[in-house]
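Listed below are the residues making up each chain.
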Amino acid sequence: MEWCVSMPKVELHAHLNGSVRNSTLFELARVLGEKGVIVFSDVENVIMKDDRTLHEVFKLFDLIHILTTDHSTITRITKEVIEDFASENVVYLELRTTPKRNDSIGMSKRSYMDAVMEGLRAVSSVDVDYCPTGLKTDTVNGTTRKKIYVRFLLSIDRRESTEAAMETVKLALEMRDLGVVGIDLSGNPIVGNWATFLPALKFAREQGLYITLHCGEVPNQEEIKAMIDFLPHRIGHACCFDMENWRRLKSAKIPVEICLTSNIRTETISSIDIHHFVDLYKAKHPLALCTDDFGVFSTSLSREYGLAASAFSLGKTEMFQLAENAIDFIFADDGVKEDLRATFEAAVEKLD
Ligand code: 5GP
């Protein structure tokens, strides 16, 4: 496990509000409990519950959003999430979040994202490179400080309308200079229709944004087929494919973001030994290990690597290669890829 922490890693599938520390959620719940907005003991039980079905996870997100959705809290959790990833040697992070509008507190999708950006700028434990023009690593007292690249994906929630999805895409375009590189489609997979989001996703791609889709969390083969036909740049999960869609995915070579703990905890996959990671890995299909929601699922990227190593009997060399290969699927430019490859090269010499 220690080795998995010290190895450099690339995180491509992390939801901001799913990656909040439990201690922060408790603190926020206590404050809202004291104000009488929520009943603290009810919330405590929900947060502490270990196993949740996919359906229960989305109920939990509604609760988390009550606790976190004001500007200063969004700033705080963004800072903490980036610092947490950096502390376990994640060197490149693509953080995704759903821009939220809440008229009652004067929050627009833009002001929500401004609060996210403020959180990123507040990070102090590590240097953060977040915009395409880049920030050079500082040298403080002759020592090079640790650096993390952060890029953002704006999520469209499946509860949203075509207009709301389009608003998110336009916001992503507006914020390109601030490190927004793409669009994610997420939210409860049994809600909404692919056709609702397609116009916004097409527009996003035409404008040069990268697209990743939550795909196949439930066995909706028609939607899975339509998503593969769209040829997104990556997909997340890929759990419930029938044989025909599995064949399509493999021949299209669409990279898959694999979230082992999330899939097991939500019972999307019944047991780790039958996880589709094995089939994709053996077929050399492009894939990356990711956390999904490290707070909600009590995991970390290092743990996901540790889990893969033990469940699938992978050695250090394979783990390192797996982590390094993820560079190929990031949504940042070639300069970032080169820099990350150099970071891995330097690290391989130090790791035994
Ligand atoms: P946020 O976008 O609010 O920062 O992060 C939480 C949101 O991400 C949830 O409300 C949900 O829309 C999405 N999300 C987080 N985890 C999952 C997951 O495992 N599957 C899907 N489909 N959506 C998720």
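*Asks:* Where do I start with the side chain of Ser19 in this structure?
*Replies:* With respect to the helices and strands, the residue Ser19 is situated in the loop between β1 (9-15) and α2 (22-34). Only 2.7 Å separates the side chain of Ser19 from the backbone oxygen of His15, close enough to count as a polar contact. The residues contacting Ser19, other than those within four sequence positions of it, are Ala14, Val81, Asp292, Asp293, Phe294 and Gly295.

*Asks:* Even after reading the chapter, I still don't get unusual backbone geometry, so can you show me in this structure?
*Replies:* One can expect most non-glycine residues to show negative phi and most peptide bonds to be in trans. Positive phi is not limited to glycine here, since Lys253 has a value of about 55°. By secondary structure assignment, the location of Lys253 is in the loop between α10 (243-252) and β10 (256-258). Of the residues examined, Lys253 reaches a relative accessible area of 58% and is grouped as exposed. In this structure, Glu267 takes a positive phi of about 60° despite not being glycine.

*Asks:* Just to check I follow, could you spell out the packing of aromatic side chains for this structure?
*Replies:* Within a pair of aromatic rings, the relevant descriptors are the distance that separates the centres and the angle that separates the planes. Inspection of every chain in the model, using the stated rule, returns nine aromatic pairs. Plain terms: the ring middles of Phe58 and Phe61 are 6.2 Å apart, the flat faces sit at 50° to each other, and that makes the pair tilted. Of the two residues, Phe58 and Phe61 both sit in helix α4 (residues 54-68), three residues apart, roughly one turn of that helix. Here the two residues Phe58 and Phe61 agree in accessibility, since each one is buried. Aromatic pair Phe241 and Trp246: ring centres 5.7 Å apart, planes at 85°, arrangement edge-to-face. By the burial criterion, Phe241 is buried, and Trp246 matches it. In textbook terms, an aromatic cluster arises when at least three aromatic residues are bridged by ring pairs, as seen for Phe277, Tyr281 and Phe312. Its guanidinium or amino end placed over the ring of Phe230, Arg205 lies 3.9 Å from that ring's centre, counting from NZ or CZ. Over the face of the ring belonging to Phe331 we find Arg234, whose NZ or CZ atom lies 3.8 Å from the ring centre.

*Asks:* Sorry if this is basic, but what is going on with the site of the ligand here?
*Replies:* Around the ligand sit 17 residues, and of these His65, Thr97, Thr98, Lys100 and Glu217 come closest. For the ligand, a nitrogen atom lies 2.7 Å from a polar atom in the side chain of Glu217. Note that a nitrogen atom of the ligand is positioned 2.8 Å from one of the side-chain N or O atoms of Asp293. Contact with the protein chains covers 99% of the free accessible surface of the ligand, which is 500 Å². Of the residues contributing to the shell around the ligand, the split by class is three nonpolar, nine polar and five charged.

*Asks:* Help me understand the packing of α2 against helix α5 (residues 71-87), please; the structure alone is not making it clear to me.
*Replies:* Between two packed helices, what matters for the description is the angle formed by their axes and the separation of those axes. Contact geometry for α2 and α5: axes closest at 11 Å, N-to-C directions at 165°. Judged on the interaxial angle alone, α5 and α2 are roughly antiparallel. As α2 runs across α5, the sense of the crossing is right-handed. Contacts from Thr24, Glu27 and Leu28 of α2 reach α5 at Thr73, Arg76, Ile77 and Glu80.

*Asks:* What is the right way to look at the pattern of salt bridges in this model?
*Replies:* Oppositely charged side chains can form a pair if their charged atoms are brought close together. Considering all chains together, one arrives at 23 salt bridges under this definition. In this structure, the salt-bridge partner of Arg76 is Glu27, at a minimum N-O distance of 2.9 Å. Taken together, the residues span a long stretch of sequence, with Arg76 in helix α5 and Glu27 in helix α2 at a distance of 49 residues. Overall, the relative accessible area of 25% leaves Arg76 in the partly exposed class. Classification of Glu27 by relative accessible area gives partly exposed; the value is 40%. Linking Arg76 and Glu80 is a salt bridge whose minimum nitrogen-to-oxygen distance equals 2.9 Å. One end of the pair, Arg76, and the other, Glu80, are both in helix α5, four residues apart, so they sit about a helical turn from each other. Take Glu80: its relative accessible area is 11%, and that puts it in the buried class. By sharing partners, the salt bridges in this structure join Arg21, Glu27, Arg76, Glu80 and Asp84 into a single network.

The rules behind these values
Residues numbered from 1 in each chain as written. Predicted model: local features only at pLDDT ≥ 70, side-chain atom pairs only at ≥ 80, totals over all residues. Heavy atoms only, no water. Helix = DSSP H or I, 4+ residues; strand = E, 2+ residues; numbered from the N terminus. Polar contact = N/O pair within 3.5 Å; in protein donor to acceptor, adjacent residues only side chain to side chain. Contact = heavy atoms within 4.5 Å. Buried < 20%, exposed > 50% of the residue type's maximum accessible area, 1.4 Å probe, protein only. Phe/Tyr/Trp six-rings, centres within 6.5 Å; stacked < 30°, edge-to-face > 60°. Lys NZ or Arg CZ within 6 Å of the ring centre and 35° of its normal. Near = heavy atom within 4 Å. Areas by Shrake-Rupley, 256 points an atom, 1.4 Å probe, with all protein chains shown as cover. Nonpolar A, V, L, I, M, F, W, Y, C, P; charged D, E, K, R; others polar. Axes fitted to C-alpha atoms, helices over the stretch in contact; angles between N-to-C directions. Parallel < 35°, antiparallel > 145°, perpendicular 65-115°, else oblique. Left-handed = near helix turned anticlockwise from the far one by under 90°. Salt bridge = Lys/Arg side-chain N within 4 Å of Asp/Glu carboxyl O.

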